[in-house]
Amino acid sequence: MTTGTPTSPYTRRRPSRLRRYLPLGLAAWLVLEIWLLTLVAGAAGGLTVFLLLVAGSVAGSVVIKRAGRRAFRNLNEALREGGSPARGGGNGLMMLGGLLLIIPGLLSDAAGLLLLLPPVQKAVSRLAENALERGLRKAAPGTLGDAFQQVRMHRPDGRVVQGEVITTDDPSHAPQEPRPPLTR
């Protein structure tokens, strides 16, 4: 028995904004980085730009190492006390700042240095939390049980069969011997 309208296996979903504009943004960032590097190299010299890039790489490595050690230390302390680790404490944003420092380019270095400042970290984390909260509110109008009620099975011929799993505690339906796990 088929319910609903048959779906074509060739329907194409519209790409999200992120998927559409991310490559364009990365290309613009790359062009801007190269333009800025050539501009600074023309004004200060190629050796200066090279030393700036090497210094940014070394500083980024040190920042990532320090933030990782701090995160590991916080995790060990929380496990010793028997609780769960507190909020990230800015470790994730410090690691992102270190990664931006490692990436060659003057704009990425400037963004990485900004992310190392505590007021900027607080503002960025607040913005990220608010965006995540809005996204979760918009994406999940129902409960998890509602999602399981809406499960659909797609058949090879394109028909959609809506179904529901019903479990009983009847011992006559139970298997006589334990089955092996369904892992590969």
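Model, not experiment: these values are computed from the prediction. (Residues numbered from 1 in each chain as written. Predicted model: local features only at pLDDT ≥ 70, side-chain atom pairs only at ≥ 80, totals over all residues. Heavy atoms only, no water.)

Q: I keep staring at the packing of helix α2 (residues 46-81) against helix α3 (residues 91-102) and nothing clicks. Help me out?
A: When two helices pack together, their arrangement is given by the angle between the helix axes and the distance between those axes. Close contact between α2 and α3 brings their axes to 7 Å; oriented N to C, the two are set at 160°. Between α2 and α3, the interaxial angle falls into the category roughly antiparallel. Two packed elements cross with a definite hand, and for α2 against α3 that hand is left-handed. Here the residues of the contact of α2 with α3 sort into 10 nonpolar, eight polar and two charged. (Axes fitted to C-alpha atoms, helices over the stretch in contact; angles between N-to-C directions. Helix = DSSP H or I, 4+ residues; strand = E, 2+ residues; numbered from the N terminus. Parallel < 35°, antiparallel > 145°, perpendicular 65-115°, else oblique. Left-handed = near helix turned anticlockwise from the far one by under 90°. Nonpolar A, V, L, I, M, F, W, Y, C, P; charged D, E, K, R; others polar.)

Q: Would you mind showing me how to read a positive patch on the surface here?
A: Where like charges cluster on the molecular surface, the positive patch consists of R14, R17, R20, R134 and K138. Of all the elements in the fold, those that place two or more residues in the positive patch are α1 (17-44) and α5 (118-139). (Patch = residues over 30% accessible without salt bridge, like charges linked within 9 Å, V, L, I, M, F, W, Y side chains within 5 Å. Areas by Shrake-Rupley, 256 points an atom, 1.4 Å probe, with all protein chains shown as cover. Salt bridge = Lys/Arg side-chain N within 4 Å of Asp/Glu carboxyl O. Lys, Arg positive; Asp, Glu negative; His and termini not counted. Charge placed at Lys NZ, Arg CZ, Asp CG, Glu CD.)

Q: Got a minute to help me understand a nonpolar patch on the surface in this structure?
A: A surface patch of nonpolar side chains, about 580 Å² in accessible area, is lined by L47, F50, L51, V54, V58 and V62. As for its placement among the helices and strands, F50 is situated in helix α2.

Q: How should the confidence of the model for the chain be read in this particular structure?
A: Detailed reading of predicted coordinates is not advised where the pLDDT is low. Within the chain, residue pLDDT values average 78, and 65% of them lie at 70 or more. Ranking the elements of the chain by mean pLDDT puts helix α6 (residues 144-149) last, at 50, and helix α4 (residues 106-115) first, at 93. (pLDDT = per-residue confidence, 0-100.)

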